[in-house]
Amino acid sequence: MAKDGSEMGINTRLAHSGNNPRDYFGFVNPPVVHASTVLYPDAASMAARSQKYTYGTRGTPTTDALALAVDALEGSAGTIVVPSGLAAVTIPLLTFVSAGDHLLLVDSVYHPTRNFADTMLKRLGVEVEYYDPHVGAGIAALIKPNTKVVFTESPASNTFEVQDIPAIAKAARAAGAIVMMDNTWATPLYFKPLDHGVDISIHAATKYPAGHSDVVLGTVSANEACWKQLYEGFCTLGCCSGPDDVYQVLRGLRTMGVRLEHHQKSALAIAAWLEGQPGVARVLHPALPSHPDYALWKRDFCGSSGIFSVVLEGGGQRQQHAFLDALKIFGLGYSWGGYESLAVPVFLGDRKIAKGPYDGPLIRLQIGLEDVEDLKADIMRGLEAATAI
Ligand SMILES: Cc1ncc(COP(=O)(O)O)c(C=O)c1O
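Quick look at the structure, then. (Residues numbered from 1 in each chain as written. Predicted model: local features only at pLDDT ≥ 70, side-chain atom pairs only at ≥ 80, totals over all residues. Heavy atoms only, no water.)

**With respect to the overall build of the protein chain**
Next up, step 1: If you tally the helices and strands in the protein chain, you get twelve helices and twelve strands.
Next up, step 2: In terms of C-alpha radius of gyration, the protein chain reaches 21 Å, essentially the compact-globule figure of 21 Å for 389 residues.
Next up, step 3: By its C-alpha atoms, the protein chain is 75 × 50 × 35 Å across when sized along the principal axes.
Next up, step 4: With 389 residues in all, the protein chain has 55% of them scored as buried.
Next up, step 5: Of the contacts made within the protein chain by residues no fewer than 6 positions apart, 72% connect residues no fewer than 24 positions apart.
Next up, step 6: Just so you have it, the protein chain exposes about 16300 Å², and 55% of that area is on carbon and sulfur atoms.
Next up, step 7: Side chains of the protein chain give 31 positive and 39 negative charges; the mean places of these two sets differ by 3 Å. (Helix = DSSP H or I, 4+ residues; strand = E, 2+ residues; numbered from the N terminus. Rg over C-alpha atoms; globule rule 2.2 N^0.38 Å. Buried < 20%, exposed > 50% of the residue type's maximum accessible area, 1.4 Å probe, protein only. Contact = heavy atoms within 4.5 Å. Areas by Shrake-Rupley, 256 points an atom, 1.4 Å probe, with all protein chains shown as cover. Lys, Arg positive; Asp, Glu negative; His and termini not counted. Charge placed at Lys NZ, Arg CZ, Asp CG, Glu CD.)

Next up, the structure:
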């Protein structure tokens, strides 16, 4: 079931998209093809490269299975599979921007995306400008004749502002700029960027698609207009991924729907409970009615995932560290989307626009698949430690 079946339920599509078992003796999973060389039957077909697979870097039945499954979810013309979520950001940017181009980046972007733009893209002569995540249709005023790409990420990394993607896409398209979106938080299950006017949808498949904190991978999906250039850029850069990792992500995708439902339910229950706890100033979760962007989230998204942030009531780094050090179930570790709960201190020192003010330090929580009551008890330990100072 590739690139069709969109009328079926999401879990049905997750279970059956990508490979066709009949292509490989009826086995339900695709083969894990370890490949560099692909043989050609004769010199003429070799010269013309006139066969489906030509070399290991350009795609295999394993990468195709994942790419087609992601296309079925995104509604995209094509998907490339790359070695990390960060590569899923850098490869399309390198492919589409040139020296002298202007890039508009949301200020609340994932920090390594910002670092890539501020170092490598600037060195290559790209003009980088940051904009407010709440800019909406106001992006039109920032677009210049040389604006090539408007890069979005919604909700924001760590602070979870929701962007008005349809309004931004409309203004960008009218000006001939390409819109890219890091959609890792929602996954294509809860937000479909291409349906809202985005040209290129980016995912750190490391998170919910992989789901078990043991694989690093990224996917980039393009609409018809951008697909050819994206695929050429991918082949030019040689950024293919190892087949075992690709297989692991396809395996993870099969259960992503049921895992996400659990993450969603637990995260919302904990976020709502946290709003009433002593020592908490605010909870930054866009699916809470108290969130300033709740109406926008409700209009465009059809679900919420498992990470959000909590703002402590006053204090600074000492309180933040006391909270983190008191946790027994939540691990202190980067990344998210796995089965286990994690907590990280939030640093907003790189921001130019979307930096608060907030009443106290921020902590980002990734709510895993553990039992909610156990996680609440752990968070209570953190809050008590922070307020005891
Ligand atoms: C929003 C977002 N995009 C991209 C990435 C990068 O993913 P990876 O860790 O696979 O490089 C992350 C990682 O935390 C992320 O949070």
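**Notes on the side chain of His291**
Next up, step 1: Position of His291 relative to the elements: it lies in the loop between strand S8 (280-284) and helix H10 (294-300).
Next up, step 2: For His291, a relative accessible area of 6% translates into the label buried.
Next up, step 3: From its side chain, His291 meets the backbone nitrogen of Asp293 in a polar contact 3.0 Å long. (Polar contact = N/O pair within 3.5 Å; in protein donor to acceptor, adjacent residues only side chain to side chain.)

**A look at the packing of helix H11 (residues 317-326) against helix H12 (residues 372-387)**
Next up, step 1: Across the interface, H11 lies against H12 with an axial gap of 7 Å and an inter-helix angle of 145°. The chirality of how H11 crosses H12 is right-handed. Note on element contacts: H12 touches H11 through Asp378, Ile379, Arg381, Gly382, Leu383, Ala385 and Ala386, opposite Gln319, Ala322, Phe323 and Ala326.
Next up, step 2: Taken together, the residues of the contact of H11 with H12 sort by class into seven nonpolar, two polar and two charged. (Axes fitted to C-alpha atoms, helices over the stretch in contact; angles between N-to-C directions. Left-handed = near helix turned anticlockwise from the far one by under 90°. Nonpolar A, V, L, I, M, F, W, Y, C, P; charged D, E, K, R; others polar.)

**Quick notes on the side chain of Ser17**
Next up, step 1: Within the secondary structure layout, Ser17 lies in the loop between helix H1 (10-16) and helix H2 (43-48).
Next up, step 2: Given a relative accessible area of 1%, Ser17 falls into the buried group.
Next up, step 3: At 2.6 Å, the side chain of Ser17 forms a polar contact with the backbone oxygen of Arg13.

**Description of the packing of aromatic side chains**
Next up, step 1: Taken as a whole, this structure holds eight aromatic pairs when the rule is applied.
Next up, step 2: Aromatic pair Trp185 and Phe301: ring centres 6.1 Å apart, planes at 75°, arrangement edge-to-face. Of the two residues, Trp185 sits in the loop between strand S5 (178-182) and helix H7 (187-190) while Phe301 sits in the loop between H10 and strand S9 (307-312), which places them 116 residues apart along the sequence. An identical accessibility class is assigned to Trp185 and Phe301; each is buried.
Next up, step 3: Linked through ring pairs, Tyr24, Phe25 and Phe27 together constitute an aromatic cluster.
Next up, step 4: Between Arg114 and the ring centre of Tyr130, over which it is positioned, the NZ or CZ distance is 4.1 Å. (Phe/Tyr/Trp six-rings, centres within 6.5 Å; stacked < 30°, edge-to-face > 60°. Lys NZ or Arg CZ within 6 Å of the ring centre and 35° of its normal.)

**Quick notes on the site of the ligand**
Next up, step 1: Neighbouring residues of the ligand: Ser84, Gly85, Leu86, Tyr110, Glu153, Asp182, Thr184, Ala204, Thr206, Lys207, Val216 and Trp336.
Next up, step 2: Starting from 390 Å² of accessible surface for the ligand in isolation, the protein chains cover 88%.
Next up, step 3: Assessed atom by atom at 2 Å from the grid points, the ligand resides in the largest pocket.
Next up, step 4: Taken together, the residues that form the shell around the ligand break down as five nonpolar, four polar and three charged. (Near = heavy atom within 4 Å. 1 Å grid on protein atoms, 1.4 Å probe; cavity = no way out; pocket = protein on both sides within 12 Å on 5 of 7 lines; lining within 4 Å. Sits in = over half its atoms within 2 Å of the grid points.)

**Describing the environment of Ala225**
Next up, step 1: Turning to its location among the elements, Ala225 is positioned in helix H8 (residues 224-237).
Next up, step 2: For Ala225, a relative accessible area of 72% gives the class exposed.
Next up, step 3: Taking the C-alpha atoms as reference, Ala225 lies 9.9 Å from Ile178; in sequence the two are 47 residues apart.

**A word on the pattern of salt bridges**
Next up, step 1: Scanning the model with the defined rule gives eleven salt bridges in all.
Next up, step 2: The salt bridge partner of Asp64 is Lys52, with a shortest N-O separation of 3.3 Å. In this pair, Asp64 sits in helix H3 (residues 61-74) while Lys52 sits in the loop between H2 and H3, placing the two residues twelve residues apart along the sequence.
Next up, step 3: Given a relative accessible area of 65%, Lys52 falls into the exposed group.
Next up, step 4: For the salt bridge of Arg299 with Asp164, the shortest nitrogen-to-oxygen distance reads 2.8 Å. Here Asp164 lies in the loop between strand S4 (147-153) and helix H6 (165-174) and Arg299 lies in helix H10, a separation of 135 residues in the sequence.
Next up, step 5: By relative accessible area, Arg299 is classed as partly exposed at 48%.
Next up, step 6: A network of salt bridges, in which partner residues are shared, links Asp164, Arg299 and Asp300. (Salt bridge = Lys/Arg side-chain N within 4 Å of Asp/Glu carboxyl O.)

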